[in-house]
Amino acid sequence: MKRRIINLSLNNTGNFRIFLIVVFFVLILDLITKNLAVSLLANKDIVIIPNFFDLTLVWNKGAAFGIFANSSEWIRKAILLGASTIAVIITAIYAYIKRFNISVFEMIFLGLIAGGALGNLYDRFFIGKVRDFIDIHIFNYHWPAFNIADASITIGIIGFVFNEIYLKKRLKNKNNE
């Protein structure tokens, strides 16, 4: 019986290891901060910057901005669990397929998206709702509460799109000069 040795050096995996490290880091940071929020904010809010930034525990049954929060239980769970699962799978497959052809920054952005999606998927699957705790507001005008996973997804999407639209075009123009 012949044994196959799998070489996990950066040459064989391209930048995919970076993707996996970012996913793991975001997932762990998200779950730790959510657990801290539940234990520290269960019966109180913490004001960090008055009239701008508070830590407030909010249980979100829906998606971003509470979308689907009032839908029937099975429709909400099917859509939200399905969408999160698809986001993680598609992002991971794309990152793996493109591992030799995209930059470290693109891998980081994809890792932020997948790690954030996994963090919220964990909450939806095991708790049935997402633990949000970051409350940004100007006096009484509040942005919907969010968490580390939401912030990671947002930063990942903005970074990836900015890279695709602006940085790649700029690099291409520089190489053509």
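Please refer to the structure placed before this passage.
It should be emphasised that the depicted structure is a prediction, and the values quoted were computed from it without experimental measurement.

Student: Please explain the overall build of the protein chain as it appears in this structure.
Tutor: Helix and strand counts for the protein chain come out as five helices and four strands. Taken from the N to the C terminus, the helices and strands of the protein chain come in the order α-α-β-β-α-α-β-β-α. Of all 177 residues assigned to the protein chain, the portion counted as buried reaches 36%. Intrachain contacts of the protein chain at a sequence separation of at least 6 include 69% that bridge at least 24 residues. Split by element, the accessible area of the protein chain, about 11700 Å² in all, is 68% carbon and sulfur.

Student: Quick question: what am I supposed to make of unusual backbone geometry here?
Tutor: A negative phi angle characterises most non-glycine residues, just as the trans form characterises most peptide bonds. Notably, Asn51 is not glycine yet its phi reads approximately 60°, a positive angle. Relative to the assigned elements, Asn51 resides in the loop between strand 1 (46-49) and strand 2 (53-60). Even without glycine at this site, Phe139 takes up a positive phi of about 55°. Tracing the backbone through its elements, the reader meets Phe139 in the loop between strand 3 (130-138) and strand 4 (141-142). According to the relative accessible area criterion, Phe139 is exposed, its value standing at 53%.

Student: How should helix 4 (residues 104-126) be read in this particular structure?
Tutor: Because the α-helix completes a turn every 3.6 residues, residues three or four places apart line up on one side. Here helix 4 is 23 residues long and its end C-alpha atoms lie 32 Å apart, about the 33 Å a rise of 1.5 Å per residue gives. In the segment just after helix 4, Gly128 is the residue with positive phi, at about 90°.

Student: Even after reading the chapter, I still don't get the packing of aromatic side chains, so can you show me in this structure?
Tutor: Geometry of an aromatic ring pair is reported as the spacing of the ring centres plus the angle between the planes. By the definition in use, this model includes six aromatic pairs. Between Phe125 and Phe126 the ring centres are 4.9 Å apart and the planes differ by 85°, which places this aromatic pair in the edge-to-face class. Note on accessibility: Phe125 and Phe126 belong to one class, exposed. Through pairs of rings, three or more aromatic residues link up here, namely Phe16, Phe19 and Tyr96. Here Arg99 stacks its cationic end above the ring of Tyr96, 3.9 Å away from the centre of that ring.

Procedures and definitions
- Residues numbered from 1 in each chain as written.
- Predicted model: local features only at pLDDT ≥ 70, side-chain atom pairs only at ≥ 80, totals over all residues.
- Heavy atoms only, no water.
- Helix = DSSP H or I, 4+ residues; strand = E, 2+ residues; numbered from the N terminus.
- Buried < 20%, exposed > 50% of the residue type's maximum accessible area, 1.4 Å probe, protein only.
- Contact = heavy atoms within 4.5 Å.
- Areas by Shrake-Rupley, 256 points an atom, 1.4 Å probe, with all protein chains shown as cover.
- Expected span 1.5 Å × (residues − 1).
- Phe/Tyr/Trp six-rings, centres within 6.5 Å; stacked < 30°, edge-to-face > 60°.
- Lys NZ or Arg CZ within 6 Å of the ring centre and 35° of its normal.

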